[in-house]
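# A look at the structure
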Amino acid sequence: MTQLDRVTKPKTKRAKRFIEKRDPKLLENTKNAMLIKGGNTSETVTEALKNIYSLKKPNAVLYKKKNITRPFEDQTSVEFFSKKSDCSLFMFGSHNKKRPHNLIIGRMFDYHILDMIELGIEKFHGLSDFKNSKSAEGSKPMLVFAGDLFELDNNHKRLKNLLIDFFRGPTVSNIRLGGLEIVLHFTALAGKIFMRSYKVLMKKSGCRIPRIELEEMGPSFDFVLKRTHLASDDLYKKSLQQPKSLKAKKKKNLSRDVFGTSYGRIHMEKQDLAKLQTRKMKGLKRKGAKVPAAAPAAAVEEEDQAGSNPKSARVE
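Residues numbered from 1 in each chain as written. Predicted model: local features only at pLDDT ≥ 70, side-chain atom pairs only at ≥ 80, totals over all residues. Heavy atoms only, no water.

## Some thoughts on the packing of aromatic side chains
To describe a pair of aromatic rings, one takes the distance between the centres and the angle between the planes. Tallied over the entire structure, the rule returns eight aromatic pairs. Taken together, a centroid distance of 5.0 Å and an interplanar angle of 70° make the contact between Phe-166 and Phe-167 edge-to-face. You'll find Phe-166 and Phe-167 in the same group, each marked buried. Stacked on the ring of Phe-166, the Lys or Arg Lys-56 has its end atom at 5.2 Å from the ring centre. Sitting over the face of the ring of Phe-72, Arg-227 holds its NZ or CZ atom 4.3 Å from the ring centroid. (Phe/Tyr/Trp six-rings, centres within 6.5 Å; stacked < 30°, edge-to-face > 60°. Buried < 20%, exposed > 50% of the residue type's maximum accessible area, 1.4 Å probe, protein only. Lys NZ or Arg CZ within 6 Å of the ring centre and 35° of its normal.)

Next comes the structure, spelled out in structure tokens:
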């Protein structure tokens with residue numbers, strides 16, 4: 001058992017806050033990424049790690065010292081760094097004759113490697129190669145994916161999901177229009193993955209909504225997909241499970257139309273309208289039909305008058 005695995009009682013308030021921060025939560029913290037240099041790296045790989053660290057700050061940790069490890073052969077060192085720095089995402093850079101300018105991107109589940117994909121850098125342009133203004137630190141990027149391979153091929157599907165997990169940033173409920181500063185565009189074409197970074201420029205348009213222009217700011221990559229280490233379907237499904245308390249309860253008797261309008265259905269007993277209480281008014285009162293006592297005599301008198309006056313005779 002390593003020192004990190006021991007369960008110790010905190011002696012200070014600072015240590016208590018540190019342990020509570022790493023405890024399991026219903027709503028997990030923002031995923032941090034660690035960027036690790038291998039035992040042998042090239043200048044291209046070193047600059048690539050620094051540029052990606054600039055995009056990920058402040059939710060990233062950059063290890064500047066060399067670490068002699070091979071994640072595809074031995075995963076223990078990467079898992080140790082993950083537990084030490086509390087990072088669930090990682091990027092490992094290395095360079096050798098067999099695999100030049102190599103990047104390995106992956107993620108963890110319960111401090112064990114879940115997915116791992118190896119990408120080879122064929123072409124790279126850093127932030128310093130584009131002489132323009134850059135985005136603010138901590139900006140949440142907009143991600144765009146183009147290419148049929150991201151929907152058809154299993155490896156590219158998992159790579160798309162991994163890239164979304166790596167670059168999406170913190171989960172927010174609201175965002176202002178001025179905060180949308182970065183666009184990361186990924187294109188899968190002819191067996192390669194092209195990554196381009198753009199800064200959003202908002203120009204005057206004469207109306208309330210600004211006119212949008214994109215200006216490339218770097219970094220820019222041309223990747224080649226190499227080795228993959230993907231989790232099994234059962235383990236991947238287990239990593240996506242959520243607590244029951246977070247699942248939204250289904251609302252009964254509620255429906256929506258194509259325009260998003262909500263309609264509710266109410267179940268009521270059949271009403272007897274005869275017993276319905278209305279406003280009391282004299283004109284609405286029911287009066288009983290009473291026949292007056294002098295009615296027969298009056299009728300005989302009318303018949304006598306009709307016989308003496310033929311003009312007013314009534315034909316029945």
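Past the structure itself, the notes keep going.
## Description of helix H3 (residues 76-85)
Within the span of H3, buried status applies to Ser-77, Val-78, Glu-79, Phe-81, Ser-82 and Ser-85. Those residues of H3 hidden inside the fold are in contact with helix H1 (13-22), strand E1 (33-38), strand E2 (60-67), strand E3 (89-94), strand E4 (102-109) and strand E5 (112-125). In the stretch just after H3, Asp-86 is the one whose phi turns positive, near 55°. (Helix = DSSP H or I, 4+ residues; strand = E, 2+ residues; numbered from the N terminus. Contact = heavy atoms within 4.5 Å.)

## Regarding helix H5 (residues 154-167)
Over its 14 residues, H5 runs 20 Å from end to end, which matches the ideal 20 Å to within 8%, given 1.5 Å per residue. By the burial criterion, the buried members of H5 are His-156, Arg-158, Leu-159, Leu-162, Leu-163, Asp-165, Phe-166 and Phe-167. (Expected span 1.5 Å × (residues − 1).)

## A short note on the side chain of Glu-118
Along the chain, Glu-118 turns up in strand E5. Reaching out from Glu-118, the side chain makes a polar contact with the side chain of Asn-102 at a distance of 2.4 Å. In contact with Glu-118, not counting residues within four places along its chain, are Phe-72, Arg-99, Asn-102, Leu-103, Ile-104, Val-224, Leu-225, Lys-226 and Arg-227. (Polar contact = N/O pair within 3.5 Å; in protein donor to acceptor, adjacent residues only side chain to side chain.)

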